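Next come the chains, spelled out residue by residue.
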Amino acid sequence: MKKEINLSGGIDLDAVVENSGKRIDGRAADELRRVRFTKDFITSAKGSVLVEMGNTRVICNASVDENVPGWMRYQNVPGGWVTAEYSMLPAATQDRTQREASKGKIGGRTMEIQRLIGRSLRAVVDLQKLGRRQIFLDCDVIQADGGTRTASITGAYVALKLAVAQLLKEGKIKEDPVVEGLAAISCGINKAVPILDLCYLEDSAAEVDANFVMTESGKIIEVQGTAEGAPFSKDELMQMMTLAEKGIGELIEMQKAVLG
């Protein structure tokens, strides 16, 4: 998370949360940044969406491979598979980020995030109904201002649903394998105030930052929470959870709207 660079510039980190309770961008503590989904953003993909959350922008593409991974064939595991890859373009941050391809290896942060995206999506997919095929979710960050992993999960779900709709239309699958909706959001605590959907400046100044991945029915897929200084309490965790439930509920309604 800390690798993401401030795009706003010139704002005092001490003023992230003002005495009025308003945040640096004028939002209330429980308010999402401006969210927009642009579906079919890449026409060559089976399913594609550009997700924008504030100044964070991620292109999420779904591609279908009519084969399963080798380990599934070797172990004779039935059904299909859903996996993800994540990357950040060099100019996504204020200071150029070196391409991992030029380093010759995937960084630990990248590996962690793409595994998180993959297991989050698999949690809401009936892999048996998917058949003997694999869906790849490629999440490419073109601009980073906090919350890239949560935006990637939220956008990847839309791309997945679009790809599944195409498979149904083509008659390659008979039933929708997606069991229910899901989305992800960041929360944090800054100056003892729990806040929803942190931008980079807020994340940098937060005493606690956390990420929540939850289903439409309110079930938890993953919670990542870190104290940047003093430990946080169970009550503070529950306050962030309440914010996350609200934000994720709103995101899922927006996903439904763009999916029609």
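Heads up: the structure comes first, above all this text.
Described below are features of the structure shown in this document. (Residues numbered from 1 in each chain as written. Predicted model: local features only at pLDDT ≥ 70, side-chain atom pairs only at ≥ 80, totals over all residues. Heavy atoms only, no water.)

1. Quick notes on the pattern of salt bridges
(1) Moving on: Summed over the entire model, instances satisfying the criterion amount to 17 salt bridges.
(2) Moving on: The shortest N-O distance in the salt bridge between E175 and K129 comes to 3.5 Å. Of this pair, E175 sits in the loop between helix 5 (148-169) and strand 6 (182-190) while K129 sits in helix 4 (residues 127-130), and the two are 46 residues apart along the sequence.
(3) Moving on: The partly exposed category is assigned to E175, whose relative accessible area is 46%.
(4) Moving on: Looking at K129, the relative accessible area reads 34%, which means it is partly exposed.
(5) Moving on: Here K161 ties to D176 by a salt bridge, and the two come within 2.8 Å at their closest N and O atoms. In this pair, K161 sits in helix 5 while D176 sits in the loop between helix 5 and strand 6, placing the two residues 15 residues apart along the sequence. (Salt bridge = Lys/Arg side-chain N within 4 Å of Asp/Glu carboxyl O. Helix = DSSP H or I, 4+ residues; strand = E, 2+ residues; numbered from the N terminus. Buried < 20%, exposed > 50% of the residue type's maximum accessible area, 1.4 Å probe, protein only.)

2. Overview of the side chain of R23
(1) Moving on: Its place among the elements puts R23 in the segment before strand 1 (35-39).
(2) Moving on: Of the residues examined, R23 reaches a relative accessible area of 2% and is grouped as buried.
(3) Moving on: In this structure the side chain of R23 is engaged in a polar contact, spanning 3.3 Å, whose partner is the backbone oxygen of A29.
(4) Moving on: With residues up to four places along the chain from it excluded, the contact list for R23 reads V16, A28, A29, E31, I195, L196, D197, L198 and E202. (Polar contact = N/O pair within 3.5 Å; in protein donor to acceptor, adjacent residues only side chain to side chain. Contact = heavy atoms within 4.5 Å.)

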